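Listed below are the residues making up each chain.
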Amino acid sequence: MKGGTGRTLALATMLALIVLGIHRLRGPEADVEVRDTRYVFGTLVEIVVRGADPVEARTAVSATGRLLQTLHHDWHAWRPGALSTLNDAIADGRAAEVDPQLADLLRAGQQLACASEGLFNPGIGRLVALWGFHADTPPQSPPPAASEIAALRAADPQMTDLVIDGQIVRSTNPSLQLDLGGYAKGAALDLAAADLAARGIRDAVLNAGGDVNVLGDHGARPWRVAIRDPFVWGALATVTLDPGEVLYTSGNYERYFEHEGERFAHIIDPRSGHPVREIVSVSVLDTEGVRADAAATALSVAGRERFAAVAAALEIDAAVMVTDRGEVLATPAMVKRIEASGGPLPAGLTTVALPADVQPSPCGAQTGPEPS
Ligand code: AMP
Ligand code: MG
């Protein structure tokens, strides 16, 4: 998964982009804010609970923080843990038993990969590693040889190669290597939000470097979140989140390396085996972190031409995309939400309608691990 302590300062600053709602007065605890911050999933994740009994809130944020730490460990592709054990088994042609949450996450990955027609593909871990994006720090070496990329493309790992029978997982293709970095953060924040709710917390925000899940409506004004402008320091737009909504952004400014003046970003187009170039950032507003996270990655691969079709196939209504030429494309639902939040619309914005005649997905409906 993504990492790099060098970016900690920038991420910490980004956490400040969350504009906290003014809190409705509900008694002495109304303005009490309790937080916990962890470095997991390659970023600083801040859990903020407001308006709860401080002792209960502290117990809840600590427990939820520990849950995130456990999921980070279990779902890490490149450090010893449950997922790397599974990857070792797949490479050896063996089956492995995983816990129910990981099995659910893999099933969700199959569904999302199917709906995105393979543009989102958590089975391309070998390509990710070949480009050097498996390490905590961005790669320093030149891009890999064309022959190595071609060999991994020819091996064609697909999520449909995974056979998941309850908790027993195997792959019919030994070149499949799972890297859940494109949607694990969203799935983890969904589970963390459900965990907070189960502990009686009504109003909270989970902020993972600008990827956000909110709980409750919490105050006289709801939570408001800034979408980062990928070109200059500041906000592209502001969105007001309804209770239970999430906002996730993928950007090629997040993790990349440069070689001979060319930028190579960490999102890889499984069709070419090369990093995505055209799209600088994609933000998705939804009600499920797992789907929003995967969709932001998938839409970065889809590019401007397939933006609307892939958003519709993933059942995403509200998304905004910034291209390398500075064009901003947004679905009508996203334009409405930006407008309703009272800020100015981004310069150069084009509204892109979603196709009206989307067929029901043949990929199944489940997208996230069920809270246990
Ligand atoms: P995100 O920041 O959510 O877009 O996730 C990017 C991460 O997902 C990368 O660092 C890789 O670990 C992984 N990844 C890269 N390309 C893809 C892809 N096409 N589908 C799924 N995961 C990907
Ligand atoms: Mg993602």
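Residues numbered from 1 in each chain as written. Chains lettered and ligands numbered in written order. Predicted model: local features only at pLDDT ≥ 70, side-chain atom pairs only at ≥ 80, totals over all residues. Heavy atoms only, no water.

### A few points about the sheet that holds strand β4 (residues 162-165)
Judged by pairing direction, the sheet is antiparallel, and its 3 strands sit side by side in the order β3-β5-β4 without closing on themselves. Only two strands of the sheet have a single neighbouring strand rather than two, namely β3 (96-97) and β4. In the sheet, β4 pairs with strand β5 (residues 168-171) via 4 bridges, with the strands oriented antiparallel. Paired with Val-163 across the bridge in β5 is Arg-170. Set on the sheet, helix α4 (residues 100-115) makes contact with β4 and β5; between it and β4 the angle comes to about 135°. (Pairing = 2+ DSSP bridges. Helix = DSSP H or I, 4+ residues; strand = E, 2+ residues; numbered from the N terminus. Contact = heavy atoms within 4.5 Å. Axes fitted to C-alpha atoms, helices over the stretch in contact; angles between N-to-C directions.)

### Section: the packing of aromatic side chains
Inspection of every chain in the model, using the stated rule, returns 2 aromatic pairs. Relative to Tyr-183, the ring of Phe-120 has its centre 5.2 Å away and its plane inclined at 80°; by these criteria the two rings are edge-to-face. Highlighted residues: Phe-120 in the loop between α4 and α5 (125-130) and Tyr-183 in the loop between β5 and α7 (184-198), separated in sequence by 63 residues. For Tyr-183, a relative accessible area of 0% translates into the label buried. (Phe/Tyr/Trp six-rings, centres within 6.5 Å; stacked < 30°, edge-to-face > 60°. Buried < 20%, exposed > 50% of the residue type's maximum accessible area, 1.4 Å probe, protein only.)

### Observations concerning the sheet that holds strand β15 (residues 279-286)
By definition, the strands of a sheet pair up through backbone hydrogen bonds, in either a parallel or an antiparallel sense. If you trace the 9 strands from one edge of the open sheet to the other, you get β1-β2-β6-β7-β10-β15-β16-β17-β18, paired in mixed fashion. The open sheet terminates on both sides in strands that have one partner only, identified here as β1 (33-40) and β18 (349-351). Adjacent strand axes in the sheet meet at a mean angle of 15°, parallel and antiparallel pairs treated alike. Bridge count between β1 and strand β2 (residues 43-50): 8 bridges; the pairing is antiparallel. From the neighbouring strand, Arg-38 faces β2, where its bridge partner is Val-45. Helix-sheet contacts for α7 involve β2, β6 (204-208), β7 (211-215) and β10 (246-251), and the interaxial angle to β7 is about 20°. Along the sheet, helix α8 (residues 289-313) contacts β7, β10, β15, β16 (318-323) and β17 (328-330); its crossing angle with β15, the most-contacted strand, is approximately 135°.

### Side note on unusual backbone geometry
Positive phi, normally seen in glycine, also occurs at Asp-156, with a value near 50°. As for its placement among the helices and strands, Asp-156 is situated in the loop between α6 (146-155) and β4. Unlike most non-glycine residues, Glu-315 shows phi in positive territory, near 60°. Residue Glu-315 is classed as exposed on the basis of its relative accessible area, which comes to 52%.

### Re α7
Between its first and last C-alpha, α7 extends 21 Å over 15 residues, near the 21 Å set by a 1.5 Å rise per residue. Burial of α7 is extensive: 11 of the 15 residues sit out of reach of the surface. Of all the positions in α7, only Ala-184, Lys-185, Gly-186, Ala-187, Ala-188, Leu-189, Leu-191, Ala-192, Ala-193, Asp-195 and Leu-196 are classed as buried. Immediately beyond the C-terminal end of α7, within one or two residues, lies Gly-200, with a positive phi of roughly 90°. (Expected span 1.5 Å × (residues − 1).)

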